[in-house]
Amino acid sequence: MASPTTRSSSLRSRRAGVDPAGQHVPAVASTAVRNPGDPPASSLDLPVTRLPGIGLESAKLLERVDVRTMGDLLWHLPTRYKDFSRIRPLRLLAAGEEQTALAVLGRITQRRTARGQLLTEAELLEEDGTPTPVRASWFGRSFIKETHRPGERVRISGKVIWVGRALQFSQPALEAADADPVHTGRLVPVYRLTEGLKEGQVRRWLHTAIEGGPRRTAVVSEVPEPLPPDVRARHTLPDISATLRQVHFPDDERRLFAARRRLAFDELLVLQLALAQRRARWTAQASAMPLQVSDADLARWIGELPFALTDAQRRSLQEIRRDLARRVPMTRLLEGDVGSGKTVVAALAARVATASGAQTALMAPTELLAEQHARSLAALFAAGGPRLALLTASVSGEVRREILDALARGTIDVVVGTHALVEERVEFARLALAIVDEQHRFGVRQRATFREKGEGIDPHLLLTTATPIPQTLSQTIYRDLDISVIDELPAGRLEITTHLRAPEQLPKVWEGVRTAVTRGRQAFVVTPRIDPGDDGGDDVPSAIAMERELARDELRGLRLALMHGRMPAKERDAVMRRFAARELDVLVATTVVEVGIDVPNATVMVVLGAERFGLAQLHQLRGRVGRGSERAYCVLVSDSAESARLAAMVERKPEGSERGGALLDGFDLAKRDLEIRGAGEFLGERQSGEPELRIVDLADVDPRLIDETAEEADRILAADPGLARPEHAELARAVDRLWRRYALA
Ligand code: ADP
Ligand code: MG
């Protein structure tokens, strides 16, 4: 087994975040899946086609949900369950509920509906043969008539609805009464599917994998147990095969909870082990450059600013300054609401670095933002200070070569660019401070990259964000992340007037936009999706359709433009630039306008389909306006009147509290968001939907697990720092996989 050190160096030779095998890893703690080099030691490594019922066609479909081996299949966990465990006689069925009846099939008929769909209907009799008016009906499913016979005793599960004056099971699941309950009469698992895979099919395969079948013993019994017995005993955790059995086919809610808690425990424990090992390594090897400045110099720089720093900015700056002076690299998150003035604090940190003879890289999420930062820094450094360069994709040719050369020689002190650019391709003479702006997705990968960059020096890392981290994360992945909070806005900011409106009120809203434009102001119109052809139904506003409609009707004559994520970055930037230069009046866009853009002349933000956005997003969007001295407006348009999130956007802090009567700020809203929605989104690749880690969801099962796993990780590593003992072999493998997958260097 590799030692922790070789593990990390092999990691360094790769780009962060790429799983070397290009493989999906189903769950952090899923020790069932082995590394490419391991010999196939059990059926778990065999292709899924070895399971009765899975042919080549099905295997292809399963690959799309990242299931290739039997092991993968076992770790294809249900996303939810249908509760079909309530069993009732037909005469006691309740409309609107999921439930199960034991019944005898009566006549089964098939016909075509007026729309040409095949409709299969079955009469249902009580168990003792008493006829009832209850029926079951299915669209499609011609096989029902072929596989079931009148007189057969069945279990039938599904939602019951009124059709005319009789109750009806609509699209129910049906099984012979003497068969093992798989689809009916229990808590029934529901799995992530892809087009062509059927719910019942996947459930059947998993049932075979879990319970075995006539031609196959249960593969679940081959899953190796990653937890030593004493750990399981200490935390009362079921063993791994019982856990998987209960997660897929739970006997009851209580056992399901215990199983989910066990999976969460494993996932968190592996993460805590990985992080604890990393901490140990960093502390042993840390070699950041101590960056210092005298009180007098710092006071002079602050005095040269065009405004007085807020107390919160001063406090944050002091915290950063203390960290920078140390040889242990800083990893600090600067949290502050939109407009709270994080840039100037970051700029002063860069100045400290420069004064100590070191280089700083400031990375922004977009080219435009990088340009804006370069401009603000140039202004802040005007009275002498760091030598500054802007490096974006549009800087090319000779100029670019000169900048790269100067960075390598050390004659540029601060470089501003996009994340991608600076991360990937730039060499520095003495990079000692990396600032990552608007890191509100907390990708773990980026942090890894900078640590890899320093040749001998570990750069201090300063991340800025307007989105506070949920506690679950700050206690796990970011346990070693220090946090500074700017919790006050510069004096004299006007509140952004926020309205909730129904779609019927849109004509008035457009009138407002027109008025603002007449006064020389600009407006954003944001929609939840790009194309009217995308998923979501006809009533979800799309940027493309909206821009067309507005240009034709309500906003005819105004200068409109469209911006969305499917446009090439260059085009997007060009549009944004024209908007910033006031060559456009109204920008119709998706959330691409969400991050950090500064157009002080824009005073109206209209969000359509507002119920479809997260609170953090809505708050970021609102923050795009109100950056000038003019009063600004945010109009949230939605037909879901009772959305808790939308209500939170116009809620005010309680009178008598600090800033009582003001709108909830980013921090309040983040807290509210968690209450409403759980912590899921914070780790995720929000756009593509596939979360980076599943921990947060699982940790919701039992928040105490975070501390419990942290303690357990410390205990295990105290006795076995390299996880070299045989009883830790599975854990070591899981940690190894976590490194590879997430590059938590
Ligand atoms: P954010 O925290 O959203 O990144 P910025 O750093 O972009 O905020 O600051 C927003 C605006 O507020 C900028 O125009 C900046 O110059 C200004 N600003 C920052 N700090 C102060 C302050 N203490 N007093 C007045 N204006 C400030
Ligand atoms: Mg900013």
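Basis of the calculations
- Residues numbered from 1 in each chain as written.
- Chains lettered and ligands numbered in written order.
- Predicted model: local features only at pLDDT ≥ 70, side-chain atom pairs only at ≥ 80, totals over all residues.
- Heavy atoms only, no water.
- Buried < 20%, exposed > 50% of the residue type's maximum accessible area, 1.4 Å probe, protein only.
- Helix = DSSP H or I, 4+ residues; strand = E, 2+ residues; numbered from the N terminus.
- Near = heavy atom within 4 Å.
- Polar contact = N/O pair within 3.5 Å; in protein donor to acceptor, adjacent residues only side chain to side chain.
- Areas by Shrake-Rupley, 256 points an atom, 1.4 Å probe, with all protein chains shown as cover.
- Nonpolar A, V, L, I, M, F, W, Y, C, P; charged D, E, K, R; others polar.
- Core = buried A, V, L, I, M, F, W, Y, C linked by side-chain atoms within 4.5 Å.
- Contact = heavy atoms within 4.5 Å.
- Pairing = 2+ DSSP bridges.
- Axes fitted to C-alpha atoms, helices over the stretch in contact; angles between N-to-C directions.
- Expected span 1.5 Å × (residues − 1).
- Arc of directions from axis to C-beta.
- Salt bridge = Lys/Arg side-chain N within 4 Å of Asp/Glu carboxyl O.
- Right-handed = clockwise from strand over helix to strand, strands pointing away.
- Phe/Tyr/Trp six-rings, centres within 6.5 Å; stacked < 30°, edge-to-face > 60°.
- Parallel < 35°, antiparallel > 145°, perpendicular 65-115°, else oblique.
- Left-handed = near helix turned anticlockwise from the far one by under 90°.

Tell me about helix α20 (residues 615-622), and name the residues and values.
In terms of burial, α20 is largely enclosed, as seven of its eight residues are buried. Inspection of α20 places Leu615, Gln617, Leu618, His619, Gln620, Leu621 and Arg622 among the buried residues, and these make up the whole buried set.

Describe the site of ligand 1, listing the residues and the values that go with them.
Taken together, 15 residues are adjacent to ligand 1, and Ala308, Gly339, Lys342, Thr343 and Arg493 come closest. Between ligand 1 and Lys342 there is a distance of 2.8 Å, counted from an oxygen atom to a side-chain nitrogen or oxygen. Coverage of ligand 1 by the protein amounts to 75% of the 570 Å² it exposes when considered alone. For the shell around ligand 1, the per-class residue count stands at five nonpolar, six polar and four charged.

I'd like a rundown of the nonpolar core, residues and numbers included.
Within the largest apolar cluster, 40 residues are counted, with the highest numbers of intra-cluster contacts made by Leu291, Leu324, Leu348, Leu377, Leu433 and Leu462. When residues of this core are traced back to their parent elements, those giving at least two are α9 (295-303), α10 (311-324), α11 (342-355), β10 (359-364), α12 (367-380), β12 (414-418) and β13 (431-436). Tallying contributions element by element places α11 first for this core, with nine residues. Beyond its immediate sequence surroundings of up to four residues, Leu291 is in contact with Leu324, Ala325, Val352, Ala353, Ser356, Ala358, Ala432, Leu433 and His460.

Which residues make up the sheet that holds strand β19 (residues 586-589), and what values go with them?
With parallel pairing, the six strands of this open sheet are ordered in space as β16-β21-β20-β17-β19-β18. Edge positions in the sheet fall to β16 (497-501) and β18 (560-563), since each has one partner strand and no second. Adjacent strand axes in the sheet meet at a mean angle of 15 degrees when their direction is disregarded. As defined by bridge partners, strand β17 (residues 522-526) adjoins β19 across four bridges and the pair is classed as parallel. Bridging from a neighbouring strand, Val525 pairs with Val588 of β19. On the sheet, helix α18 (residues 543-552) packs against β17, β18 and β19 and is oriented at approximately 175 degrees with respect to β18. Strands β17, β18, β19 and β20 (602-607) of the sheet are contacted by helix α19 (residues 569-580), whose axis makes an angle of about 145 degrees with β18.

An account of α19 is needed here, citing residue identities and associated values.
Its twelve residues give α19 an end-to-end C-alpha distance of 16 Å, which sits within 8% of 16 Å, the value for a rise of 1.5 Å per residue. Along α19, the residues classified as buried are Asp573, Val575, Met576 and Phe579. Take α19 and look down its axis: the buried residues cluster within an arc of 160 degrees, on one side only. Among the residues trailing α19, Arg582 stands out with phi positive, at a value near 65 degrees.

So what's going on with the pattern of salt bridges? Which residues, and what values?
A full pass over the atoms with the stated rule returns 40 salt bridges. One salt bridge in this structure joins Glu319 and Arg332, with 3.6 Å as the shortest N-O distance. Here the residue Glu319 occupies a position in helix α10, and Arg332 occupies one in strand β9 (residues 331-336), the gap between them amounting to 13 residues. Comparing Glu319 with Arg332, the two get one shared label, buried. Salt bridges here are not isolated pairs; linked through shared partners, they connect Glu225, Arg232, Arg262 and Asp266.

Could you give an account of the pairing of strand β11 (residues 388-391), naming the residues involved and the relevant values?
Side-chain alternation along β11 places Ala389 and Leu391 on a buried face and Leu388 and Leu390 on a face that remains uncovered. Direction of pairing for β11 relative to β12: parallel, over a ladder of four bridges. If you follow Ala389 over to β12, its bridge partner there is Val415. Taken together, β11, helix α13 (residues 397-409) and β12 form a β-α-β motif whose crossover is right-handed.

Please provide a residue-by-residue account of the packing of aromatic side chains, values included.
Following the criterion strictly, the structure yields one aromatic pair and no others. With a centroid separation of 4.9 Å and an interplanar angle of 50 degrees, the aromatic rings of Phe524 and Phe579 are classed as tilted. In this pair, Phe524 sits in strand β17 while Phe579 sits in helix α19, placing the two residues 55 residues apart along the sequence. Residue classification places Phe579 among the buried positions, given a relative accessible area of 0%.

How would you explain the packing of helix α5 (residues 199-211) against helix α7 (residues 240-248) if you had to name every residue and give the values?
Where α5 contacts α7, the two axes come as close as 10 Å, and the packing angle between them is 155 degrees. Considered as vectors, α5 and α7 are oriented roughly antiparallel to each other. When you trace α5 past α7, the crossing you get is left-handed. Facing α5, whose interface residues are Leu206, Ile210 and Glu211, α7 presents Leu244, Arg245 and His248. Here the residues of the contact of α5 with α7 are counted per class, giving three nonpolar, one polar and two charged.

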